Amino acid sequence: MLAGVLAGLAGLATSYATAMVLTIRESPVVAVAELVIRLAPGAFAERAIAVLGHLDKPALVVGILVFLLACFAWAGSLARRSWWRPLVVWSVLAALGLGAVLAQRNAGMVDALPVLVGLLTWVAVHSALVDALRREQRRPELESRERRVFVMVAGVVAVASLGIAVAGRFVGAGRRHVEVSRRLLRIPGVTRRQPPVATSLGVAGVAPWQTPNEDFYQIDTAIALPAIEPDEWSLRIHGMVERELTLTYADLVARDVTESWITLNCVSNEVGGGLVGNARWSGVRIADLLADLGVDAAADCVLQTSRDGWTCATPIEALTDDRDAMLAVAMNGRPLPIEHGFPVRTVVPGLYGYVSATKWVVDLEVGTFAESQGYWTDKGWSALGPVKIASRIDVPRSGDDVAAGDVRFGGVAWHQHTGIESVEVQLDGGAWQRAELGEVPSVDTWVQWAVTLEVPEGDHEVRVRATGRDGQTQTSVVRAPDPDGATGLHTIEVSAG
Ligand SMILES: Nc1nc2c(c(=O)[nH]1)N[C@H]1C(S)=C(S)[C@@H](COP(=O)(O)O)O[C@H]1N2
Ligand SMILES: [Mo]
């Protein structure tokens, strides 16, 4: 039983620490408590509050812990009879935790990780402790030695668990503190604005023209996201410039803030994929900053580095021409979410994220492509990374059944910094039919499209293609994302009946 309890507590400690380090979420135990609260019948919850007052929640967590301790001891005692019985207990407990964690709002696969780490700890520690006891049972003459081994392992487990939980708490506290600073931050010049009405064609099921921050795709190599207080942030701009500069956060936001709608996408996006989003970014134009510093005419790129050591080399032209390449401080009118680069990231219209959109950016070195390599270009991805024209069908979804007759199709198309001229849709290889387009404020955003097609009964294939304002039509040649972005036309299947 002692082995079970110790293993159980060790697993709670590692899962708690993982939750603290990885996310700003609570531990799986708290997720279970929240789920219990949500599922509790109203009358029961009221009764609990009446009896316990504001101690209801701590009481619930303590209750869950007591229940867990009983399960841990039980799992330990089951190990006497067979090796697999405790495994069932650990697995069932982990499944409960997983269910609660995934029932949280906006839960993703990362949120499952603390539970997994906890389960592995339970199984590993429990079998280590039980092994020592088993050896003792089998060979009683070794009793005192095996007992010492057990006590030693138990002691190490207890101390390590406590240490891991405290360390997790410490790291997590930093994150929480940054989250509080972020929420309290008011940045002069940052406004909240609805998108222009005409951007939306009002087709249900099409990605909203403005992507809410919570739904914006997230791509990075960070295991634990950098937690940076605005007060502790600074940006060094150096290299082939006449004058170096180190900017604090206060220096940065004291400059003119530009706001603009920009669509960001990932080079890894497959045809028809969702690694693309459109937001209103507020920040300081990089072109203005660089102009003040005097850039050497021989420089052709800026090597950007993030707090977590990720790098990318961005063509200097994209940072100094008239587009709104910026050091962004806000996304959709709110300080950048931590996962999107708080407190400062770069956003460059017209380039894929991997060569331009550095989150948690702390260093810009003006230089040359001959001497600078970014994280992904070093792994064989193309150096320049201009976005390719693309279009996507959002409704109907591939595989949907639709009623034969007039069917409304809709989706999005993008070619940042070139703009979309037209979108056409084709049914079963027939004539291309032109779609209606939403209005957009600039060439740097995606556009919504919609079209009504007459669909006869039967199975059909529908494709979409876009033409840019440069007159180039999207190619139907199929290419994988590696090394410079996927090509091919998004094609769906529908059945009309
Ligand atoms: N620090 C850092 N910045 C980064 C990355 C990263 O791994 N680390 N990934 C880049 C890639 S590949 C993309 S597509 C965009 C995604 O930005 P988002 O997560 O805000 O959507 O961030 C870019 N900036
Ligand atoms: Mo990306």
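Residues numbered from 1 in each chain as written. Chains lettered and ligands numbered in written order. Predicted model: local features only at pLDDT ≥ 70, side-chain atom pairs only at ≥ 80, totals over all residues. Heavy atoms only, no water.

S.K.: So what exactly am I meant to see when it comes to the overall build of the chain here?
M.R.: A count of helices and strands for the chain gives 10 helices and 19 strands. Taken along its principal axes, the extent of the C-alpha atoms in the chain is 85 × 70 × 50 Å. Within the chain, buried positions represent 49% of all 497 residues. Counted over contacts in the chain with a minimum sequence separation of 6, partners at least 24 positions apart contribute 74%. A total of about 23,600 Å² of accessible surface is found on the chain, and carbon and sulfur atoms cover 58% of it. Charge separation in the chain, taken as the distance between the mean sites of 43 positive and 55 negative side-chain charges, equals 11 Å. (Helix = DSSP H or I, 4+ residues; strand = E, 2+ residues; numbered from the N terminus. Buried < 20%, exposed > 50% of the residue type's maximum accessible area, 1.4 Å probe, protein only. Contact = heavy atoms within 4.5 Å. Areas by Shrake-Rupley, 256 points an atom, 1.4 Å probe, with all protein chains shown as cover. Lys, Arg positive; Asp, Glu negative; His and termini not counted. Charge placed at Lys NZ, Arg CZ, Asp CG, Glu CD.)

S.K.: How do you make sense of the sheet that holds strand β12 (residues 401-402) when you look at a structure like this?
M.R.: Within a sheet, each strand pairs with its neighbour through backbone hydrogen bonds, oriented either parallel or antiparallel. If you walk across this open sheet you meet the five strands as β12-β19-β18-β14-β15, and the pairing is mixed. On the outer flanks of this sheet lie β12 and β15 (432-434), each paired with one strand and no other. Relative to β15, strand β14 (residues 420-427) is paired through three bridges, and the arrangement is antiparallel. Counterpart to V425 in the pairing with β15 is Q433. (Pairing = 2+ DSSP bridges.)

S.K.: Explanation requested: the packing of aromatic side chains in the structure shown.
M.R.: Each aromatic ring pair is described using two quantities: the centre-to-centre distance and the angle formed by the ring planes. Applying the stated criterion across every chain yields a total of 12 aromatic pairs. On the numbers, 6.5 Å between centres and 75 degrees between planes, the contact of W376 with W381 is edge-to-face. When its relative accessible area of 15% is taken as the criterion, W381 is described as buried. Positioned above the aromatic ring of Y375, the side-chain terminus of K379 is 4.2 Å from the ring centre. (Phe/Tyr/Trp six-rings, centres within 6.5 Å; stacked < 30°, edge-to-face > 60°. Lys NZ or Arg CZ within 6 Å of the ring centre and 35° of its normal.)

S.K.: Explain helix α2 (residues 28-39) to me, please; I cannot follow it from the model alone.
M.R.: For α2, with 12 residues, the first-to-last C-alpha span of 16 Å sits near the 16 Å given by 1.5 Å per residue. Here α2 has its buried residues at P28, V29, A31 and A33. Each element contacted by the buried residues of α2 is listed here: α1 (2-22), α4 (56-78), α5 (84-102) and α6 (113-138). (Expected span 1.5 Å × (residues − 1).)

S.K.: What exactly am I supposed to notice about the sheet that holds strand β6 (residues 311-315) here?
M.R.: Taken together, the five strands give an open sheet; going across it, the order is β2-β1-β10-β5-β6, and neighbouring strands pair in mixed fashion. In the strand order of this sheet, the two ends are held by β2 (245-248) and β6, each with one partner. Between one strand axis and the next, the sheet turns through 20 degrees on average, direction left out of account. Judged from the four bridges that link them, strand β1 (residues 234-239) and β2 form a sheet pairing that is antiparallel. When the sheet's bridge partners are listed, I237 is paired in β2 with L245. (Axes fitted to C-alpha atoms, helices over the stretch in contact; angles between N-to-C directions.)

S.K.: Whenever I open this one, the state of the cysteines confuses me. Can you help?
M.R.: The term disulfide refers to a covalent linkage connecting the sulfur atoms of a pair of cysteines. Applying the stated criterion across every chain, the model contains zero disulfides. Free cysteine: C301, not disulfide-bonded; nearest cysteine sulfur from C312 at 9.5 Å. Its relative accessible area of 0% is what places C301 among the buried residues. (Disulfide = S-S within 2.5 Å.)

S.K.: Would you mind showing me how to read the site of ligand 1 here?
M.R.: Not every one of the 19 residues close to ligand 1 is listed here, only the nearest: Y217, T221, H340, R345 and K359. Interatomic distance of 3.4 Å between a side-chain N/O atom of D308 and a nitrogen atom of ligand 1. Within the side chain of H340, one N or O atom sits 2.7 Å away from an oxygen atom of ligand 1. If ligand 1 stood free it would expose 530 Å²; the protein chains cover 99% of that surface. Grouping the constituent residues of the shell around ligand 1 by class yields nine nonpolar, six polar and four charged. (Near = heavy atom within 4 Å. Polar contact = N/O pair within 3.5 Å; in protein donor to acceptor, adjacent residues only side chain to side chain. Nonpolar A, V, L, I, M, F, W, Y, C, P; charged D, E, K, R; others polar.)

S.K.: How do you make sense of the pairing of β2 when you look at a structure like this?
M.R.: A regular strand places its side chains so that they alternate between the two faces of the sheet. With burial as the criterion, only one face of β2 is covered, namely that bearing L245 and L247; the residues T246 and T248 on the opposite face remain uncovered. If you look at the hairpin formed by β1 and β2, you'll find five residues sitting between the two strands.

S.K.: Is there a simple way to think about the pattern of salt bridges in this case?
M.R.: Two side chains bearing opposite charge may form a pair once their charged atoms approach each other closely. Scanning the model with the defined rule gives 13 salt bridges in all. The salt bridge involving K388 is made with D484; its shortest N-O contact spans 2.9 Å. Placement of the pair is K388 in the loop between β10 (361-367) and β11 (390-395) and D484 in the loop between β18 (458-468) and β19 (491-496), with a sequence separation of 96 residues. Of the residues examined, D484 reaches a relative accessible area of 31% and is grouped as partly exposed. (Salt bridge = Lys/Arg side-chain N within 4 Å of Asp/Glu carboxyl O.)

S.K.: What is the right way to read helix α9 (residues 286-293) from this model?
M.R.: Because the α-helix completes a turn every 3.6 residues, residues three or four places apart line up on one side. Residues I286, A287, L289, L290 and L293 constitute the buried set of α9. For α9, the arc enclosing every buried residue in end-on projection is 160 degrees, short of the 170-degree limit, so these residues lie on one face. In the stretch just after α9, G294 is the one whose phi turns positive, near 75 degrees. (Arc of directions from axis to C-beta.)

S.K.: Please clarify how the side chain of S15 should be interpreted in this entry.
M.R.: Its place among the elements puts S15 in helix α1. On the basis of relative accessibility, which here comes to 6%, the residue S15 falls in the buried class. Looking at S15, its side chain comes within polar contact range of the main-chain oxygen of L12, at 3.2 Å. The residues contacting S15, other than those within four sequence positions of it, are P28, P114 and G118.

Read these as spatial facts, not as claims about activity.
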